[in-house]
2 protein chains.
Amino acid sequence: MVDTDVLLIGAGGVGTMVAFGMDYTKQSKLSIVVRKDFAKVKETGYDIHSVDYGTVKGWKPSHIYPTVEASVATGTVYDFVVITTKNLPDIVKVEELAAPAITPGHTCVVLIQNGFDLAKPFFDKFPNNVVLSGVTLIGSHNTHGTIHHTQTDKSFISYFENPNLPQEVQEASAKRFVSIYSNDKNSCTYASSAKEFRYKKLVYNATLNTVCALTGVDTGRLEQAGGLAALSIPAMREVIAIAQADGVTLPKDVINTTIHGDDGEWFEPSMLVDVKRGNPIELEVILGNLLKTAEKLEVETPILSVLYELLRVVQFRLKEKQGIITVPKERPIYDKVYE
Amino acid sequence: MVDTDVLLIGAGGVGTMVAFGMDYTKQSKLSIVVRKDFAKVKETGYDIHSVDYGTVKGWKPSHIYPTVEASVATGTVYDFVVITTKNLPDIVKVEELAAPAITPGHTCVVLIQNGFDLAKPFFDKFPNNVVLSGVTLIGSHNTHGTIHHTQTDKSFISYFENPNLPQEVQEASAKRFVSIYSNDKNSCTYASSAKEFRYKKLVYNATLNTVCALTGVDTGRLEQAGGLAALSIPAMREVIAIAQADGVTLPKDVINTTIHGDDGEWFEPSMLVDVKRGNPIELEVILGNLLKTAEKLEVETPILSVLYELLRVVQFRLKEKQGIITVPKERPIYDKVYE
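Model, not experiment: these values are computed from the prediction.

1. Looking at the overall build of chain A
Now for step 1: Tallying secondary structure elements over chain A gives 13 helices and 12 strands in all.
Now for step 2: In terms of overall size, chain A behaves like a compact globule, its C-alpha atoms giving a radius of gyration of 20 Å where 339 residues would be expected to give roughly 20 Å.
Now for step 3: Projected onto its principal axes, the C-alpha positions of chain A cover 65 × 50 × 45 Å.
Now for step 4: Taking all 339 residues of chain A together, the buried fraction comes to 56%.
Now for step 5: Across chain A, the fraction of contacts at a sequence separation of at least 24, relative to all contacts at a separation of at least 6, is 72%.
Now for step 6: When the accessible surface of chain A is totalled, it reaches about 14,000 Å², and 52% of it is carbon and sulfur.
Now for step 7: Considering chain A, the positive charge centre built from 34 side chains and the negative charge centre built from 40 side chains are found 4 Å apart.

Take a look at the structure:
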C-alpha cells in the first residue's frame with residue numbers, strides 16, 4: 001500500500017492533523033499543499049501539540065508543495081486527493097483548485113469539509129471519479145505552523161453517491177481510505193450514508209453556527225438570551241423536515257443531543273469565529289446548498305431563509321473588508337421604482 | 001406665554017436642538033436635564049454648529065439640572081415635559097424617569113423619540129395627562145457638549161389618543177406645543193394622526209435600521225448586497241399590512257419614497273451606529289411594540305419576527321458589554337430535554 005500516493009490540500013488546523021494521522025499509519029506516501037505558511041513549514045515542519053499524539057516537533061510529510069500545480073510538476077499521479085480547505089464556492093471553487101491533481105477516472109477525492117451536497121461540482125467536472133465525504137468532529141487550530149489539537153480526531157467516511165459508478169467501487173474506495181487514515185490513536189470509521197451524517201451536522205451548523213454568527217454570541221449566551229428556543233430550535237426542525245423529505249429520518253433525539261453537545265462550554269462556533277476575525281464564512285455550503293435542496297423538495301424554511309439572506313449581506317461585508325469585492329466611492333442612485 | 005414652564009429631559013444631539021429651538025422662540029421658560037455632561041454644560045454651555053441657526057457658542061437655557069429630581073426641588077410645576085432620551089424600556093422606563101416632573105392631570109408630556117405605541121406606559125401611570133408625539137427628521141450629534149446639527153429640524157406634532165380626555169383638549173395641547181417650538185428657522189407642524197407618522201417612520205426603522213444593525217452594513221451596501229430586495233422590502237410590506245389592519249392606509253409609494261430617501265448616501269441608520277458603538281438598541285419601541293400590535297391584529301410577520309428574535313440576542317450581548325446584565329463564569333448545564 002505504500003505505493004498509494006496521497007495529496008492533502010489545505011494543511012491548517014484540521015488538515016494538518018488529518019495529514020499527520022495518515023502519515024502515522026504509514027499506509028501511503030503523503031504530500032501536502034501548504035499555501036499560507038509554506039516557507040516556514042518547508043524549513044522547520046510543524047510543531048504539533050495533540051490530544052491524540054502528544055507533542056511532536058518539526059513534523060514533515062514526504063513532500064511539501066506551495067501550490068497544487070507544483071505538486072504535479074514531478075508527474076505524480078495521485079490515488080487520493082484529500083481536501084481540508086475551507087469551502088467557499090463564492091470565492092474559490094475547490095474543484096478548480098484541486099483539478100490539476102485529479103486524474104479523471106482514477107483519483108479518489110476526499111472532502112473533509114463542512115457543508116452539504118459538496119460533491120456536485122466534482123461530479124460535474126469529473127463524472128467518473130469517486131468522491132468521499134469526511135465528517136470530522138476534531139478540534140484543532142493552526143497558528144503559523146504550530147498546531148493545537150484539543151478535541152480527539154473522530155471522523156466518519158462515506159461516499160457521495162456517484163450515479164455513474166457501481167456502489168461497490170465507491171464503497172471499496174471509502175474503506176480503502178479508512179485503512180489509510182485509521183490508526184490506534186484516532187477514530188476513523190466507515191459510515192454507509194454520507195447524507196445522514198451531513199444532515200446531522202447541519203442540525204448544528206445551519207442553526208447554531210448561523211444564529212451565533214449573526215448575533216455575535218456563543219452558544220451558551222444564545223441559550224441564556226432566549227435565541228436558542230426562539231430561533232435555533234425551530235430552525236433545527238426545518239433541517240429535520242428537509243432531511244425527511246430527502247429520505248433521511250434523523251434520530252428522534254437529534255435536537256437534544258445537538259444542543260447538549262456544547263454543555264458547560266461558552267462555545268463559539270466556527271462561523272462566529274470567522275465573522276469576528278473578518279474571514280468569509282462557509283455560507284453557501286452550509287445554508288445555500290441546503291436551501292436549494294429544500295426548494296427542490298418543496299419544504300418551507302421560514303427561519304433558515306431569513307438567516308441565509310442576512311448572512312449573504314454579512315458575507316458581502318466580509319468580502320469587501322478582504323478586498324475581494326469593492327463598492328464605488330459614490331453610492332449609485334438607481335432610477336428603479338420600488339413597489 | 002412666558003409663564004409656561006417647560007422641562008426637556010435628554011439633551012443629546014437631537015434634544016439640544018429641540019431645546020435650542022424652543023429657547024429661540026421665547027415662548028416658554030426652559031429648563032433642561034443633562035445627565036452625562038452636566039458639569040461641562042453647566043459651566044460653559046453648549047457649542048452649537050447648526051444648519052438652521054449657524055454657530056452659537058456657550059448657549060444655556062434658563063436652568064440646567066443634573067437629574068429630574070433636581071429639576072423639581074425648587075417646586076416648579078412644569079406645563080410641558082419634553083422627553084428626547086433614547087427609549088429603552090428594557091433598561092430604563094422613561095415614564096418612571098420623568099415621573100417626578102409630571103403633575104397628574106396637568107403636565108403635557110411630549111415624546112420626541114423613535115418607536116411605536118410609546119404613550120401606553122404614560123397612560124397607565126398618568127391616565128389624565130395629554131401625551132404628545134413628536135416625529136422628527138432632524139440629523140444632529142452631540143460630542144460632550146458640542147453639537148453638530150447637519151439635517152434641518154423638521155418635526156410633526158400630534159397627540160397619542162388618550163381615551164380619558166376630550167380630543168379638543170389634546171389637540172389644543174398639541175397646537176400650543178407647536179407654538180412654543182415652531183420658529184422661522186425650523187419646521188414644526190401639527191399633524192392630525194400620530195399613528196400614521198409613526199407607521200411611516202417604521203417602514204424605515206423596522207426594516208432598514210434592523211437589517212443594517214444585524215448585518216453591519218449601511219443602507220447603500222445593503223442594496224448592493226441584495227438584502228434590500230430580499231429582506232427589507234418584504235419586511236416593509238409586513239409593516240404596511242399591520243398599519244392597514246390598524247386602520248392606517250399608508251401612501252401607495254411609501255416603499256419607494258422610504259428607500260430613495262437615502263439616495264446617494266452610504267447611510268448608517270441609528271441602530272447600526274448603536275451596535276457599532278456597543279450601545280443598547282431601541283429594539284422594544286421599534287420592533288417589540290409593533291409586533292405586539294401585529295399579534296393583536298393577527299397579521300403575519302415572518303421576517304420581522306425573526307429580525308426581532310435575532311436582535312433580542314444582540315441586545316443581550318450589548319447589555320452584557322455595558323455591565324447591565326452578567327452571565328455566570330461557568331456555563332450552567334440544564335437538565336431540560338429539548339424536543
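Having put the structure on the table, let's press on.
2. Comments concerning the UniProt feature "domain: Ketopantoate reductase C-terminal" (unreviewed entry) in chain A
Now for step 1: Per the UniProt record, "domain: Ketopantoate reductase C-terminal" (unreviewed entry) is found at residues 198-315 of chain A.
Now for step 2: The span residues 198-315 of chain A is 74% helical and 0% strand by assignment, and the distance between its end C-alpha atoms comes to 23 Å.

3. Details of the nonpolar core
Proteins that are soluble and globular tend to have nonpolar side chains buried together.
Now for step 1: In terms of nonpolar packing, the biggest core is built from 151 residues, with Tyr-199, Leu-290 and Leu-304 of chain A together with Tyr-199, Leu-290 and Leu-304 of chain B touching the most fellow members.
Now for step 2: Setting aside its immediate chain neighbours within four residues, Tyr-199 of chain A contacts Phe-116, Val-239, Ile-242, Ala-243, Asp-246, Val-248, Leu-250, Leu-290 and Thr-293 of chain A.

4. Looking at the interface of chain A and chain B
Now for step 1: Taken together, the 51 residues of chain A in the interface contact 51 residues of chain B.
Now for step 2: Buried area between chain A and chain B, summed over both chains or domains, comes out near 4,500 Å², and the portion from carbon and sulfur atoms is 63%.
Now for step 3: Three residues stand out in chain A for area buried against chain B, namely Val-313, Arg-331 and Tyr-338 of chain A, and they jointly supply 20% of the buried area on that side.
Now for step 4: Our enumeration of links across chain A and chain B arrives at 4 salt bridges.
Now for step 5: Between Glu-223 of chain A and Arg-331 of chain B there is a salt bridge, and its shortest N-O distance comes to 2.8 Å.
Now for step 6: Inspection of the region where chain A meets chain B yields 24 residue pairs in polar contact (both at pLDDT 80 or more).
Now for step 7: Listing elements by their share of the side of chain A that touches chain B, those giving two or more residues are α7 (194-215), α8 (219-225), α9 (227-245), α10 (254-260) and α13 (302-321) of chain A.
Now for step 8: If you tally residues by element for the side of chain A that touches chain B, the top one is α13 of chain A, at 11 residues.
Now for step 9: Residues of the side of chain A that touches chain B, tallied by class, amount to 26 nonpolar, 9 polar and 16 charged.

5. What about helix α13 (residues 302-321) of chain B?
Now for step 1: With 20 residues, α13 of chain B extends 29 Å from end C-alpha to end C-alpha; this agrees with the ideal 28 Å at 1.5 Å per step.
Now for step 2: Gly-323 of chain B sits one or two residues past α13 of chain B and shows a positive phi near 80°.

6. Quick notes on the UniProt feature "domain: Ketopantoate reductase N-terminal" (unreviewed entry) in chain A
Now for step 1: In the numbering used here, UniProt assigns the feature "domain: Ketopantoate reductase N-terminal" (unreviewed entry) to residues 6-160 of chain A.
Now for step 2: Across residues 6-160 of chain A, helical content stands at 23% and strand content at 35%; the span's end C-alpha atoms are separated by 19 Å.

7. Comments concerning the packing of α9 of chain A against α13 of chain A
Residues and elements named next belong to chain A.
Now for step 1: Contact geometry of α9 with α13 gives a least axis separation of 8 Å together with a crossing angle of 110°. Compared by their axis directions, α9 and α13 come out roughly perpendicular. The residues of α13 that touch α9, namely those facing Leu-231, Pro-234, Ala-235, Glu-238, Val-239 and Ile-242, are Pro-302, Ile-303 and Leu-304.
Now for step 2: Looking at the contact of α9 with α13 residue by residue, the classes come out as 8 nonpolar, no polar and 1 charged.

8. Examining the pattern of salt bridges
Now for step 1: Under the defined criterion, the tally for this structure stands at 24 salt bridges over all chains.
Now for step 2: Arg-221 of chain B is the partner of Asp-218 of chain B in a salt bridge, and the nearest nitrogen-oxygen pair spans 2.6 Å.
Now for step 3: The buried category is assigned to Asp-218 of chain B, whose relative accessible area is 5%.
Now for step 4: When its relative accessible area of 18% is taken as the criterion, Arg-221 of chain B is described as buried.
Now for step 5: The network of salt bridges with shared partners includes Asp-218 and Arg-221 of chain A together with Glu-320 of chain B.

9. Let's talk about helix α1 (residues 13-25) of chain B
All names here are of chain B.
Now for step 1: Look at α1: 19 Å from first C-alpha to last across 13 residues, which is about the 18 Å you get at 1.5 Å a residue.
Now for step 2: Listed as buried for α1 are Gly-13, Gly-15, Thr-16, Met-17, Val-18, Ala-19, Phe-20, Gly-21, Met-22, Asp-23 and Thr-25.
Now for step 3: Where α1 ends, the next residue or the one after it, Lys-26, has phi of about 60°, a positive value.

The rules we used
- Residues numbered from 1 in each chain as written.
- Chains lettered and ligands numbered in written order.
- Predicted model: local features only at pLDDT ≥ 70, side-chain atom pairs only at ≥ 80, totals over all residues.
- Heavy atoms only, no water.
- Helix = DSSP H or I, 4+ residues; strand = E, 2+ residues; numbered from the N terminus.
- Rg over C-alpha atoms; globule rule 2.2 N^0.38 Å.
- Buried < 20%, exposed > 50% of the residue type's maximum accessible area, 1.4 Å probe, protein only.
- Contact = heavy atoms within 4.5 Å.
- Areas by Shrake-Rupley, 256 points an atom, 1.4 Å probe, with all protein chains shown as cover.
- Lys, Arg positive; Asp, Glu negative; His and termini not counted.
- Charge placed at Lys NZ, Arg CZ, Asp CG, Glu CD.
- UniProt positions renumbered as here; feature names shortened; annotations may be inferred.
- Core = buried A, V, L, I, M, F, W, Y, C linked by side-chain atoms within 4.5 Å.
- Buried area = accessible area lost by both parts, 1.4 Å probe.
- Salt bridge = Lys/Arg side-chain N within 4 Å of Asp/Glu carboxyl O.
- Polar contact = N/O pair within 3.5 Å; in protein donor to acceptor, adjacent residues only side chain to side chain.
- Nonpolar A, V, L, I, M, F, W, Y, C, P; charged D, E, K, R; others polar.
- Expected span 1.5 Å × (residues − 1).
- Axes fitted to C-alpha atoms, helices over the stretch in contact; angles between N-to-C directions.
- Parallel < 35°, antiparallel > 145°, perpendicular 65-115°, else oblique.

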